[in-house]
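# Tertiary structure, described
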Amino acid sequence: MGTSVFYFVATLSVIFALMVVFAKNPIHSVLYLILTFFTFTVHYVLLNAQFLAVVNFIVYMGAIMVLFLFVLMLLNLNKDNEPNKSALLKIVGIIAGGCLVVTLIGSLKSVAIANPLVLKNPNLGLVENLGKELFGPFMLPFELSSLLLLSAMVGAVLLTKKEEKANG
Amino acid sequence: MGIDFVIEKFILVIALFAISLLIAMYSTYAERKVAAFLQDRLGPDRAGPFGILQPLADGVKMFMKEEIIPANANKWLFMVGPGLAMLCACIGTAVIPWGQDMMVGDRLVKLQVTDINVGLLYIFGVISLGVYGVMIGGWASNNKYSLLSAIRAASQNISYEIAMGLSIIALLLVTNSLSLREIVSQQHGWHWNVIYQPLGFLIFMVCAFAETNRAPFDLPECEAELNGGYHMEYSSMKLGFYLFAEYINMFVSSTVMAALYFGGYNYPGMDYMAGLLGPTWAPLFGTAIFFLKIFAFIFFFMWVRWTIPRFRYDQLMSLGWKALIPLAIANIVVTGIVIAIVNKF
Amino acid sequence: MESLSNKKKVLVSKPLNFAERMYLPAIASGLSTTIGHFFKKPATVKYPEQEREFSINWRGMHSLKRDEQGRERCTACGLCALSCPAEAITMIAAERKNDEKHLYREEKYASVYEINMLRCIFCGLCEEACPKEAIYLDGPIVPADYLRKDFIYGKDKLVEAPLEIK
């Protein structure tokens, strides 16, 4: 039963991810992205990582995507004011996309179908274990990433403050 | 997992659903009555004795109204909006433990639909998802007032979610668990969390007012400047869904406050009552106490609405970011230090 | 200039102190005010069942009076219609027959007397203009209705009920 659910949800996430790219309306695109994240949440639940699932739910679907939608609503995304892209820009885009494709193909080549991993401890994904891992062996990277976020926050505050000074 | 388990959960789900809808229905009536009494009036008293059938009359009126979808609205999203608002409001009650385990015949029935071990975060996630209904509906209406309201709702919800999350973290330091079932059962008798976390409760409550878009934080739907805001273009039952979702949200957040900070189904002297009433009726009595607490909170929500005027938008933001978040962080620090000292000695 | 009445209040807007900036004491006092009203007696008068007493100079629906023998006082002189600023009153006069002496006091009477209640402004000028003391605005509130034609009140609604024969 687990695998069939997985395949169903995986198909859905692929479809929604494609819709993100193909949707004409940017708001629809964001909404499809939200649905894609929702299927990811289901994947986490299937992997028995309940805490990660809920955090993905709150942070990505709840907060970040709301902000994204927020910004998109304010943009005037009509066809008329979309700037014409120069030929150079198109060529650069093609090269960048090609690089990504090559990387993806290269990584796919080395993939082999591994034996399914059997969890020895079904409670591995719970908060307690996650916390012990994060504040035990992964203490330094965890704290460093929090520092990174802090610096981003300070930067954002600084950006807003600077403008105020120039005005007043 | 036998068929009896499925039936048991099915009955529980149906009952919960019915109860939330019923409470939402009568909240609309209670709101009007409370507003009237607070203003020395009588309130609706024509439909049935004391106007008790007023919600039914309102419901019939809603159904009979003409359904209008604006010509330039995004039709699909216009319909998704209220549905999403209703869905997010209704699924929140699934993880609430409504009572202690109850004996029905010789069967132990858990009065909880599901006990996820991250139940608290689940509720938090559902609440944070609730804003999508408002945002999508507001944007799809293709109306500047609705859009403004949707944007207000989004920024307000995100801002107050942070303070709410931080106040919950301080609570988690005390309870050591994310499972609502465990959090509630820890508060046996009078050991309610509000005694240990008064400041956290205050912050949580203010944030709950903001998250449910209730006065004094009802800026997304403020009548004076936005003409009703996100549900301005809605009519008939779609409008009804939005209004209903607001009342269900109020019920859910009252429930969460009662469960997290006011002991849920626990009350002083419950052991004595358990001996008196036996294993079937004592848990039900606890559930009744729980509902009393919930109703008290709902009354408080209404009482505040008819007392305090609406915030201005910059006041709302400065309260959220400059007052509540620092307070919540200070609360976490103090709680952590106290717990560390208590554990040491 | 110095105030003569000494009633002037000088308002000083001080910056809020800490307790005021916390909002909470003010919110608590506000909540106690409203909950005080929760237990007060409602001021509502439930209108159709309960009616408030009218004041002495209340002007409501018109009534055409009868004299002490039960005869209609109106003589269809048309002074009320003439005095009416809203043009609400019309009437058709008729001559009294010999066998109608117990019905009408004067030799001329109003066979049709209509007041359009949608036009009437209840000023009471008709009452003052009437030489025969036949019209008074001493009735209740004119009730609402659905059709315009139902607001044109004829003699069936205006004339006082006949005296009870003793």
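### Quick look at the overall build of chain C
Along the backbone of chain C there are five helices and five strands. Each helix and strand of chain C, ordered N terminal to C terminal, gives the series α-α-β-α-β-β-α-β-β-α. A compact globule built from 166 residues would reach a C-alpha radius of gyration of about 15 Å, whereas chain C, at 28 Å, exceeds it by more than 25%. Taken along the three principal axes of its C-alpha coordinates, chain C extends 95 × 45 × 35 Å. By element, 56% of the accessible surface of chain C is carried by carbon and sulfur atoms, the whole surface being about 12,600 Å². Taking the 26 positively charged and 24 negatively charged side chains of chain C as two groups, their mean positions are separated by 9 Å.

### Digging into the pattern of salt bridges
A side chain with one charge may pair with a side chain of the opposite charge, provided their charged atoms come close. With the rule as written, the count across this model stands at 18 salt bridges over all chains. Linking R46(B) and E49(C) is a salt bridge whose minimum nitrogen-to-oxygen distance equals 3.0 Å. Taken together, the residues span two chains, with R46(B) in the loop between helix 1 (3–38) and helix 2 (54–64) and E49(C) in the loop between helix 2 (24–38) and strand 1 (63–64). Shared partners join several salt bridges into a network, and the residues in it are E31(B), R214(B), E246(B) and R305(B).

### Quick word on the interface of chain B and chain A
Taken together, the contact pairs 23 residues of chain B with 22 residues of chain A. Carbon and sulfur atoms make up 82% of the surface buried where chain B meets chain A, a total of about 2,000 Å² over both sides. Seen at the junction of chain B and chain A, the total is zero salt bridges. Of all the elements, helix 4 (residues 119–129) of chain B adds the most residues to the side of chain B that touches chain A, at seven residues. Looking at the side of chain B that touches chain A residue by residue, the classes come out as 18 nonpolar, five polar and no charged.

### Remarks on helix 4 of chain B
Because an α-helix completes one turn every 3.6 residues, residues spaced three or four positions apart along the sequence face the same direction. Counting buried residues in helix 4 of chain B gives nine out of eleven residues, a clear majority hidden from the surface. Restricting attention to buried positions, one finds in helix 4 of chain B the residues G119(B), L120(B), L121(B), I123(B), F124(B), G125(B), V126(B), S128(B) and L129(B). Elements in contact with the buried residues of helix 4 of chain B: helix 3 (50–74) of chain A together with helix 3 (75–90), helix 5 (131–140), helix 6 (144–175), helix 7 (180–186) and helix 11 (236–260) of chain B.

### Observations concerning the packing of aromatic side chains
This structure, assessed with the given rule, holds 32 aromatic pairs over all chains. Here F37(B) and F38(C) contribute two aromatic rings whose centre-to-centre distance is 5.6 Å and whose plane-to-plane angle is 80°, an arrangement assigned as edge-to-face. Placement of the pair is F37(B) in helix 1 and F38(C) in helix 2, with the two residues belonging to separate chains. Measuring from centroid to centroid gives 5.8 Å for F300(B) and W303(B), while their planes differ by 90°, and the two rings are edge-to-face. Of this pair, F300(B) and W303(B) both sit in helix 12 (residues 270–305), three residues apart, which is roughly one turn of that helix. By relative accessible area, which is 17% here, W303(B) ends up buried.

### What to know about the interface of chain C and chain B
Each partner contributes residues to the interface: chain C has 17 residues there, and chain B has 17 residues. In this assembly, chain C packs against chain B so that about 1,500 Å² is buried in total across both faces, 70% of it on carbon and sulfur atoms. Of all residues in chain C, L31(C), T34(C) and F38(C) give up the largest surface area on contact with chain B, accounting jointly for 35% of the area buried on that side. For the interface between chain C and chain B, the tally reads two salt bridges. The interface formed by chain C and chain B includes eight residue pairs in polar contact (both at pLDDT 80 or more). Its residues placed into classes, the side of chain C that touches chain B shows nine nonpolar, four polar and four charged.

### Here we look at the pairing of strand 3 (residues 108–116) of chain C
Residues and elements named next belong to chain C. Pairing geometry for strand 2 (residues 89–95) and strand 3, over seven bridges, is antiparallel. In the strand pairing of strand 3, I92 is matched with V112. As judged from the two bridges shared by strand 3 and strand 5 (residues 152–153), these two strands associate in the antiparallel manner. Of the residues in strand 5, the one forming a bridge with N116 is I152.

### Brief notes about the sheet that holds strand 3 of chain C
With antiparallel pairing, the three strands of this open sheet are ordered in space as 2-3-5 (chain C). Each having just a single partner strand, strand 2 and strand 5 of chain C make up the two edges of the open sheet.

### Digging into the packing of helix 3 of chain A against helix 6 of chain B
At their nearest, the axes of helix 3 of chain A and helix 6 of chain B sit 10 Å apart, and the two run at 155° to each other. Between helix 3 of chain A and helix 6 of chain B, the interaxial angle falls into the category roughly antiparallel. Crossing handedness for the pair helix 3 of chain A and helix 6 of chain B: left-handed. Seen from helix 3 of chain A, the contacting residues are A63(A), V66(A), L67(A), F70(A), M73(A) and L74(A); seen from helix 6 of chain B, they are L147(B), I151(B), A154(B), S155(B) and I158(B). Partitioning the contact of helix 3 of chain A with helix 6 of chain B into residue classes produces ten nonpolar, one polar and no charged.

### Digging into the confidence of the model for chain C
Residue-level pLDDT values for chain C average 86, and 98% of them are 70 or greater. Predicted complex metrics record ipTM = 0.77 and pTM = 0.80.

The rules behind these values
- Each residue is numbered by its place in its chain's sequence as written, counting from 1.
- Starting at A for chains and at 1 for ligands, labels are handed out in the order in which the entities are written.
- Local features in a predicted model are, by the rule used here, given only for residues with pLDDT of at least 70; side-chain atom pairs are given and counted only at 80 or more, and totals for whole chains, interfaces and linings are based on all residues.
- Where side-chain values are given, they derive from all heavy atoms of the structure, hydrogens and water being excluded.
- Numbering of helices and strands runs from the N terminus, with a helix taken as a DSSP run of H or I at least four residues long and a strand as a DSSP run of E at least two residues long.
- In this description the radius of gyration comes from C-alpha coordinates, and the expected globular size is given by 2.2 Å times residues to the power 0.38.
- Note on areas: Shrake-Rupley, 1.4 Å probe, and residue coverage restricted to the protein chains presented here.
- Counted as positive: Lys and Arg. Counted as negative: Asp and Glu. His and the chain ends are not counted at all.
- Think of each charge as sitting on NZ of Lys, CZ of Arg, CG of Asp or CD of Glu.
- One speaks of a salt bridge when a side-chain nitrogen belonging to Lys or Arg is within 4 Å of a carboxyl oxygen belonging to Asp or Glu.
- Here, residues are in contact when the closest pair of their heavy atoms is within 4.5 Å.
- Buried area: the sum, over both parts, of the accessible surface (1.4 Å probe) that disappears when the two are put together.
- Gly is placed with the polar residues, together with every amino acid not listed as nonpolar (Ala, Val, Leu, Ile, Met, Phe, Trp, Tyr, Cys and Pro) or charged (Asp, Glu, Lys and Arg).
- Under the scheme applied here, a residue whose accessible area is under 20% of the maximum for its type counts as buried, over 50% as exposed, and between as partly exposed, the area being computed with a 1.4 Å probe on protein chains only.
- Pairing of aromatic rings covers Phe, Tyr and Trp, the last through its six-membered ring, and needs centres within 6.5 Å; plane angles under 30 degrees mean stacked, over 60 mean edge-to-face, and all others mean tilted.
- Two N or O atoms count as a polar contact when they lie within 3.5 Å, although within protein this holds only if one can serve as hydrogen donor and the other as acceptor, and sequence-adjacent residues are included solely when both atoms are side-chain atoms.
- A strand pair is defined by DSSP finding two or more bridges across the two strands.
- Simply put, an axis is a line fit to the C-alpha atoms, just over the touching stretch for a helix, and the angle between two N-to-C directions goes from 0 to 180 degrees.
- Each angle is binned into one of four classes, with values under 35 degrees roughly parallel, values over 145 roughly antiparallel, values of 65 to 115 roughly perpendicular, and all other values oblique.
- The crossing is said to be left-handed when, going from far helix to near helix, the turn is anticlockwise and less than a right angle, and right-handed when the turn is clockwise.
- One confidence number per residue, pLDDT, is output by the predictor and ranges from 0 to 100.

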